Amino acid sequence: MLIFFKDITKIYDKNQVLKNISFEIDTNADNKDILLRGPSGIGKTTLLRIAAGLERPDEGNIEITMGEAAHGGYGLRAGMVFQENRLLEHLSAVDNVSCVNASVSRQRARAELLEVLPEEALDKPVRELSGGMKRRVAIVRAILPPSDLLIMDEPFTGLDAETREKVIRYIMDRKGKRPLILASHDVEGLPPMRELILK
Amino acid sequence: MTDFMKKIKSAEYKSIFIVLIWLFVWQLISVTVHNKVLLVGPVETVGALSKMFLTEEYRSSIAFSLMRIIGGFFLGSILGILLAWASYRVKMIEDFLEPAILVLKAVPVASFVILLLIWAGNKILAFYISMLVVLPVLYLNTLGGLKATDVKLLEMAEVFRMPSLRRIRYIYMPSVYPYLRTGLQMALGMAWKSGVAAEVIGQPLGSMGNGLYQAKIYLETAELFAWTISIIFVSFLMEKAVLIVMDKTLGRG
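These numbers come from a predicted model, not from an experiment.

Visitor: Just to check I follow, could you spell out the overall build of chain A for this structure?
Guide: A tally of helices and strands in chain A yields five helices and nine strands. Ordered by position from N to C terminus, the α and β elements of chain A give β-β-β-α-β-β-β-α-α-α-β-α-β-β. A compact globule built from 199 residues would reach a C-alpha radius of gyration of about 16 Å, and chain A, at 17 Å, matches this within 12%. Projected onto its principal axes, the C-alpha coordinates of chain A cover approximately 45 × 35 × 30 Å. Counting the 199 residues in chain A, one finds 53% classified as buried. Taking the contacts inside chain A whose residues are at least 6 apart along the sequence as the reference set, 70% of them involve residues at least 24 apart. Split by element, the accessible area of chain A, about 9,200 Å² in all, is 47% carbon and sulfur. Measuring between centres, the 29 positive side-chain charges of chain A sit 2 Å from its 30 negative side-chain charges.

Visitor: Would you mind going over helix H6 (residues 125–147) of chain B with me for this structure?
Guide: Side chains of residues three or four places apart in an α-helix project in the same direction, reflecting 3.6 residues per turn. The end-to-end C-alpha distance of H6(B) is 34 Å, a good match for the 33 Å that 23 residues give at a rise of 1.5 Å each. Among the 23 residues in H6(B), 18 count as buried, and that is most of the element.

Visitor: Got a minute to help me understand the sheet that holds strand S8 (residues 180–183) of chain A in this structure?
Guide: Where strands meet in a sheet, backbone hydrogen bonds hold them as pairs that are either parallel or antiparallel. Residues and elements named next belong to chain A. The parallel open sheet is built from five strands, whose spatial order is S6-S7-S8-S3-S9. Because the sheet does not close on itself, it has two edges, and the strands there are strand S6 (78–81) and strand S9 (194–197). Shown here is a sheet whose adjacent strand axes are inclined to one another by a mean of 15 degrees, direction ignored. The pairing of strand S7 (residues 149–153) with S8 spans four bridges and is classified as parallel.

Visitor: Please explain the pattern of salt bridges as it appears in this structure.
Guide: Where charged atoms from two side chains of opposite charge approach closely, those side chains can pair. All names here are of chain A. Under the counting rule described, the total for this entry stands at 24 salt bridges over all chains. Between Glu63 and Lys6 there is a salt bridge, with the nearest N and O atoms lying 3.6 Å from each other. With a gap of 57 residues between them, Glu63 in strand S4 (residues 59–66) and Lys6 in strand S1 (residues 2–12) connect regions that are remote in the sequence. The exposure class assigned to Glu63 is partly exposed, which follows from its relative accessible area of 26%. Its relative accessible area of 32% is what places Lys6 among the partly exposed residues. Residue Arg86 is joined to Glu84 by a salt bridge in which the shortest nitrogen-to-oxygen separation is 2.8 Å. Glu84 gets classed as partly exposed once you look at its relative accessible area, which sits at 30%.

Visitor: Even after reading the chapter, I still don't get the packing of helix H3 (residues 56–89) of chain B against helix H10 (residues 221–249) of chain B, so can you show me in this structure?
Guide: Residue and element names in this part refer to chain B. Orientation of H3 relative to H10, taken along the N-to-C sense of each, is 45 degrees, at an axis distance of 12 Å. What the angle tells us is that H3 and H10 run oblique. Two packed elements cross with a definite hand, and for H3 against H10 that hand is right-handed. Between H3, through Tyr58, Ser61, Ile62, Leu66, Ile70, Phe73 and Phe74, and H10, the contact on the second element is made entirely by Trp227, Ser230, Val234, Met238 and Val242.

Conventions we followed
Residues numbered from 1 in each chain as written. Chains lettered and ligands numbered in written order. Predicted model: local features only at pLDDT ≥ 70, side-chain atom pairs only at ≥ 80, totals over all residues. Heavy atoms only, no water. Helix = DSSP H or I, 4+ residues; strand = E, 2+ residues; numbered from the N terminus. Rg over C-alpha atoms; globule rule 2.2 N^0.38 Å. Buried < 20%, exposed > 50% of the residue type's maximum accessible area, 1.4 Å probe, protein only. Contact = heavy atoms within 4.5 Å. Areas by Shrake-Rupley, 256 points an atom, 1.4 Å probe, with all protein chains shown as cover. Lys, Arg positive; Asp, Glu negative; His and termini not counted. Charge placed at Lys NZ, Arg CZ, Asp CG, Glu CD. Expected span 1.5 Å × (residues − 1). Pairing = 2+ DSSP bridges. Axes fitted to C-alpha atoms, helices over the stretch in contact; angles between N-to-C directions. Salt bridge = Lys/Arg side-chain N within 4 Å of Asp/Glu carboxyl O. Parallel < 35°, antiparallel > 145°, perpendicular 65-115°, else oblique. Left-handed = near helix turned anticlockwise from the far one by under 90°.

Here it is in structure tokens:
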């Protein structure tokens, strides 16, 4: 599958946030993962929101080619870690992962969460967890359900160096063949990725 | 006994003591006025209530009004909630309904009662009136709760293609619930007040409003007070029942 982001332009209140951004992702290629970089406010989050189908570009589009067939890309299934955690604060970590995704059982959610969280954190309402723990719940929630694309916006915020390393390993292990678009200021410990720098 | 339990007990005693003082003041005023047409005291009221309670007519009047007012309350609530959902989903429906809701809120209950008496007679007047009074309250409160739902969570649900029923249960309900609870509590009181007022004006035979009216005609002030207390008590019980059921079902999670 070829995902082609073609001349993506986005304007908010006459302020051009993205201008003619083009890149492609070949899901069969080795360099399918993209590290999105650039200063704050340059439009990284906007580009990720467009990739997730939450916003439409004012110009340009996303094209998907599967063999001979091509179609618009807004039907892409994305697993996403947002800039904020966006968890259901009154539910437990297990419920957050399994309730949101119809295809993920509680048993599987529990087993996966145990990879990155201590057992005692799994059944508490997530509002009682630390920022770093919540971040890990958000990451597992994005990774588990089947998707065409993984999108992560500053996923390592609030994680210490050791946890961050563990989480990076977890992501790279579980993402399988899915391409990853990752926006992160801090690239330490990340495997080599193709860089897309927004200026 | 824990400190917490002691605090509750002391709060209960305090409330009971305050109510007793007010009952004493009421009795004192009635003794001072010394006119059983103008004002009766709690003793005469309880006497009248206990006599009424033994009659079949009293019990059937309560059943008559209760069925109609509860029916109107539930239908008005369901319609209010459904219309609020439709307005939330489609802005044009909200714009279209806005004048109608404003009219429902602004028009005096008495005007609706007279109109409905002409159009539909007095048999189920309390049903229509309580429905019309409840509908805008539930509509506005539910819509307020829906609009207050966290957009970021809705986006998350959109990205993960969260099933609709789960969105309602885990995202919309926690947001709407406090609004809905307040709305239902307000609407219940209003349904009773307006429903009985409609019965007083419309005079359907065998209703609580009719009982109230008859007491007024024959200057039976003790009965008038007894009917009023009955209405307050039934309304209070209904409010408690609805809120308990609501808290146990929708209030979880």
